[in-house]
Amino acid sequence: MSVVIVTGSAGYIGGQTVLQLKDAGHEVYGIDRRHPPKHMLDVTNRFMLQDFASDAALSWIIQKQPDAIVHCAGTSLVGPSMKDPSEYYNNNMVKTLKLVDVVKTSMPRSRFIFSSSAATYGRPIGDSCLESNQCMPLSPYGESKLMIDIILESYHKAHNFNYVSFRYFNACGADPLGRHGQEPGATHIIARVLESLRDDKEFTLYGDNYRTNDGTCVRDYVHVDDIARAHLLALDTTIPAGIYNLGSNTGTSCKEIIAAAERITGKKLKVAIGTRRGGDPATLTASAGKFNKLADWRHYNLNDIIQHAWKWTSNVR
Ligand SMILES: NC(=O)c1ccc[n+]([C@@H]2O[C@H](COP(=O)([O-])OP(=O)(O)OC[C@H]3O[C@@H](n4cnc5c(N)ncnc54)[C@H](O)[C@@H]3O)[C@@H](O)[C@H]2O)c1
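A quick note: this is a predicted structure, and the numbers were derived from the prediction, not measured.

Chemist: Mind showing me how you'd approach the overall build of the protein here?
Modeler: Helix and strand counts for the protein stand at ten helices and 14 strands. Here the C-alpha atoms of the protein give a radius of gyration of 19 Å, agreeing with the 20 Å that 2.2 N^0.38 yields for 317 residues. Across its three principal axes, the protein shows a C-alpha extent of roughly 55 × 40 × 40 Å. Per-residue burial for the protein yields a buried fraction of 56% across its 317 residues. Summarising the internal contacts of the protein: among those between residues at least 6 apart in sequence, 77% fall at separations of at least 24. Of the roughly 13800 Å² that the protein leaves accessible, carbon and sulfur atoms contribute 50%. Across the protein, the centroid of the 35 positively charged side chains sits 2 Å from that of the 32 negatively charged ones.

Chemist: Hey, could you run me through the nonpolar core in this one?
Modeler: The nonpolar side chains of a soluble globular protein tend to be buried with one another. Phe166, Ile190 and Phe291 are the most contacted members of the largest nonpolar core, which totals 60 residues. Residue assignment places this core across two domains, with domain 1 (3–171 + 221–246) and domain 2 (174–219 + 250–315) each supplying three or more. Among all residues touching Phe166, those that are not within four sequence positions of it are Ile113, Phe114, Ser115, Ser116, Ser117, Ala230, His231, Ala234, Tyr244, Leu246 and Phe291. Ala57, Trp60, Met107 and Phe112 belong to the second largest nonpolar core, which has 28 residues in total.

Chemist: Just checking my understanding: could you explain helix H7 (residues 224–233) for this structure?
Modeler: Along an α-helix, residues three or four apart share an orientation, since each turn contains 3.6 residues. With eight of its ten residues buried, H7 lies for the most part within the structure. Regarding H7, the residues found buried are Val224, Asp225, Asp226, Ile227, Ala228, Arg229, Ala230 and His231.

Chemist: Before we go on, may I ask you to explain helix H6 (residues 189–199) in this structure?
Modeler: Across the eleven residues of H6, nine count as buried, placing the element largely inside the fold. For H6, the complete set of buried residues consists of Ile189, Ile190, Ala191, Val193, Leu194, Glu195, Ser196, Leu197 and Arg198. Directly after H6, the chain includes Asp200, whose backbone phi takes a positive value near 55°.

Chemist: Is there a simple way to explain the sheet that holds strand E12 (residues 252–253) in this structure?
Modeler: Pairing in this open sheet of three strands is mixed, and the strands run E12-E9-E14 from one edge to the other. The two strands at the open ends of the sheet, each matched to only one other strand, are E12 and strand E14 (283–284). Relative to E14, strand E9 (residues 218–219) runs parallel, the two sharing two bridges. In the strand pairing of E14, Arg219 is matched with Leu284.

Scoring rules and cut-offs
- Position numbers for residues start from 1 in each chain and track the written sequence from start to end.
- In keeping with the model being predicted, local features are shown solely for residues with a pLDDT of at least 70 and side-chain atom pairs are shown and tallied solely at 80 or more, while totals for entire chains, interfaces and linings include all residues.
- Hydrogens are left out, water is left out, and the side-chain values use all remaining heavy atoms of the structure.
- What counts as a helix is a DSSP run of H or I of at least four residues, what counts as a strand is a run of E of at least two, and both are numbered from the N terminus.
- Note on method: radius of gyration uses C-alpha positions; expected globular size equals 2.2 Å times residues raised to 0.38.
- Each residue is assigned to one of three classes by its accessible area relative to the maximum for its type, calculated with a 1.4 Å probe on protein chains only: buried under 20%, partly exposed between the two thresholds, exposed over 50%.
- In this description, contact between two residues means that some pair of their heavy atoms is separated by no more than 4.5 Å.
- Accessible areas in this description were obtained via Shrake-Rupley with a 1.4 Å probe; residue shielding takes into account the shown protein chains only.
- Two residue types count as positive, namely Lys and Arg, and two as negative, namely Asp and Glu; His and chain ends fall outside the count.
- The location of each charge is read from NZ of Lys, CZ of Arg, CG of Asp or CD of Glu.
- Definition of nonpolar core: a set of buried residues of the types Ala, Val, Leu, Ile, Met, Phe, Trp, Tyr and Cys, connected through side-chain atoms within 4.5 Å.
- These domain boundaries are the output of an automatic or database domain assignment.
- When DSSP finds two or more bridges between a pair of strands, those strands are recorded as paired.

Here it is as structure tokens:
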């Protein structure tokens, strides 16, 4: 059994990670600056309502001397980061650097598992993104995640800092047992499509004139429970320090998502075509071989993702 601290434990990915860690018998402590949703109350061994970079939270972390910290806390929307870059540089970069320095000094053997993002890549160089590609993020959000990836690698070289950074592609789906999922109003496409189908409301598709087969953006969709499993597997320190993509090696367009959601729910979506959003590349898919070679982490496909998300969306309002 390991002692693990999860920051952002009240959120979507942090919450799913807490559930998997608890299911596996670990001692899990959560930190978030907002209260967990009702269904996540009392899941952690203890929860601290604090900014993860506050003195109180940092002292608590030092006192716990965890085997690992899963750092999911962050502000994570591309569009808002273009309008308010300071919030993203501060919350995602400045505060995380403070946490990383505390880990380096006060618990140098702890493993630091970071929620990085596919947004670090920007416009991919080839068909799909490899961890070794040069990164050219298109938004302050992507830049803030890339800055931390760079810092983690420098600290690893200089201080043997024990980190794993996961660049998630599009996290989606819900807990297969129905215990947790995205909160109502989440901006991710699958959540938006399913809520629109449930409520019989119009769905806005942001741009249908991209240079892709059907004109809509192509993304790589990964089940949130698979992401949580990757975190669990990364507790094993035989997984070498470094940056790993978490993706499926497959691209799915927005129109293909809509078609799959209509098939699974048996409902027809009303679609309005909106303008493109700033910071959205046409295609962003992972080359995920690096982590696939080390760990059996991906158990679910797109059908599972939509089925689990639909079960969650149908029950939550
Ligand atoms: N959801 C995705 O598709 C996706 C993709 C790539 C990367 N990520 C990254 O994964 C992480 C988790 O994403 P999510 O989808 O679960 O987001 P989320 O918004 O559901 O959860 C993030 C949580 O972090 C908390 N938080 C933010 N700043 C904090 C702070 N300073 N102190 C304490 N708590 C703080 C929020 O209150 C929230 O509960 C984020 O860092 C995000 O950037 C997400």
